[in-house]
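# Structural features, examined
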Amino acid sequence: MSSSCQICVFPSLAELGFSLSQLLVNESQCSDGLRLGLSGGSLVQLLCRELPKTAALNTEGWRVAFCDERLVPFSDPESTYGEYKRNLVPLGLISESQFVTIDPTLPVEKAAEDYTKKLKELFSGNDLPKFDLLILGIGPDGHTASLFPGHPLLEVTDKIVAPISDSPKPPPERVTLTLPVINAAKTVVFVATGESKATILK
C-alpha cells in the first residue's frame, strides 16, 4: 500500500467530475477487472452525469461494491444501491449483476455477515479485501463510510464489514467497511464538495 497523499482542489463541480472520470479510466486500464467501492450521496449524481460522456471508459469486468449501505429496501431513496440502480444502470454503462449488494431484509448483524461473505467470494484467496479503488465521501462531522468520529467501530480490526445500529445520521441501521479494508485499498479517494465540508477538511 502506498503512503503517498495528494490533495486536489477544483474550482467547479464540472472539473472535479472530469478528473474523477479520468481516474476511473486510468484505473480500469491498469486492472484486470476493476474492483470498485462506491459511496452514495452527491457522488451518485456526479458519476451519472460524467461517466456517460467519458471517452475510453471500459466498464466490462467491473465489480462494484459499497463502502457502506443503509439497511433500507432498495426502493427507498436512502438506499445507496437503489440510487445507482435507478440512475446509473439505465444509462447502459454497468449492469445490475456487476454490483455486490447487501440483503436489506436481514437484521443488521446478519446483513453485515452476509455482505462479508459476498466480499470474501469477490476477493477469494485474500483474508482482507483489497479494492483497486474506493471513492468515499466526507460528512460535515468528518465521518466517512459509516464510520463516525468517536464511535467504537473505529477500533474494529477483526471484521471487514461491521454493523451499526446507532448511526448519528439517519437511518440508524447500516453496514460499513471497516478501517482495515479502507486502508488496504490500492487507491482511496475522498470527494468533498460544498461549504459545509470546509471546516472539517481544514
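Below, the structure is looked at part by part. (Residues numbered from 1 in each chain as written. Predicted model: local features only at pLDDT ≥ 70, side-chain atom pairs only at ≥ 80, totals over all residues. Heavy atoms only, no water.)

Turning our attention to the packing of helix H2 (residues 42-50) against helix H3 (residues 80-87). Where H2 meets H3, the axes come as close as 10 Å, and the angle between the chain directions of the two elements is 20°. It follows that H2 is roughly parallel to H3 by the angle criterion. The element H2 and its partner H3 pack so that their crossing is right-handed. From H2, Leu 43, Val 44, Gln 45, Leu 47 and Cys 48 reach across to H3, where they touch Glu 83, Tyr 84 and Asn 87. The residue inventory of the contact of H2 with H3, partitioned by class, reads five nonpolar, two polar and one charged. (Axes fitted to C-alpha atoms, helices over the stretch in contact; angles between N-to-C directions. Helix = DSSP H or I, 4+ residues; strand = E, 2+ residues; numbered from the N terminus. Parallel < 35°, antiparallel > 145°, perpendicular 65-115°, else oblique. Left-handed = near helix turned anticlockwise from the far one by under 90°. Contact = heavy atoms within 4.5 Å. Nonpolar A, V, L, I, M, F, W, Y, C, P; charged D, E, K, R; others polar.)

Now for the side chain of Thr 116. Along the chain, Thr 116 turns up in helix H4 (residues 108-122). When neighbours within four sequence positions are excluded, Thr 116 is seen to be in contact with Ile 160 and Val 161.

This part takes up the side chain of Ser 21. Summarising the element assignment, Ser 21 is placed in helix H1 (residues 13-30). For Ser 21, the contacting residues outside a window of four places in its chain are Glu 50, Leu 51 and Thr 54.

Spatially, the three strands line up as an open sheet ordered S3-S6-S5, and their pairing is antiparallel. Bordering the open sheet on either side are strand S3 (68-70) and strand S5 (161-164), each of which pairs with just one other strand. For this sheet, the mean angle separating the axes of adjacent strands, direction not counted, is 15°. Relative to strand S6 (residues 174-177), S5 runs antiparallel, the two being bridged by four bridges. Pairing of Ile 164 across the sheet is with Arg 174, part of S6. (Pairing = 2+ DSSP bridges.)

A word on empty space enclosed by the protein. Scanning the entire structure with this criterion turns up one cavity of 30 Å³ or more. Roughly 70 Å³ of volume is contained in the largest cavity. Per-class residue counts for the lining of the largest cavity are 11 nonpolar, one polar and no charged. (1 Å grid on protein atoms, 1.4 Å probe; cavity = no way out; pocket = protein on both sides within 12 Å on 5 of 7 lines; lining within 4 Å. Points joined across faces, edges and corners; volume = space filled by probe spheres on them.)

Let us now look at the layout of surface pockets. A volume near 1,300 Å³ is recorded for the largest pocket. Together, 35 residues line the largest pocket, and Gln 6, Ile 7, Val 188, Val 189 and Phe 190 are the ones closest to its centre. Residue assignment for the lining of the largest pocket shows that the elements contributing at least two residues are H1, helix H5 (179-184), strand S7 (187-191) and helix H6 (198-201). Its residues assigned to classes, the lining of the largest pocket shows 22 nonpolar, 11 polar and two charged.

Moving on, we come to H4. The terminal C-alpha atoms of H4 lie 21 Å apart, and with 15 residues this matches the ideal 21 Å at 1.5 Å per residue to within 8%. Of the positions making up H4, those classed as buried are Val 108, Ala 111, Ala 112, Tyr 115, Thr 116, Leu 119 and Leu 122. All buried residues of H4 fall inside an arc of 140° around its axis, so they share one side. The exposed set on the far side of H4, more than 90 degrees from its buried face, consists of Lys 117 and Glu 121. Against the buried residues of H4 lie strand S1 (35-38), strand S2 (63-66), S5 and S6. (Expected span 1.5 Å × (residues − 1). Buried < 20%, exposed > 50% of the residue type's maximum accessible area, 1.4 Å probe, protein only. Arc of directions from axis to C-beta.)

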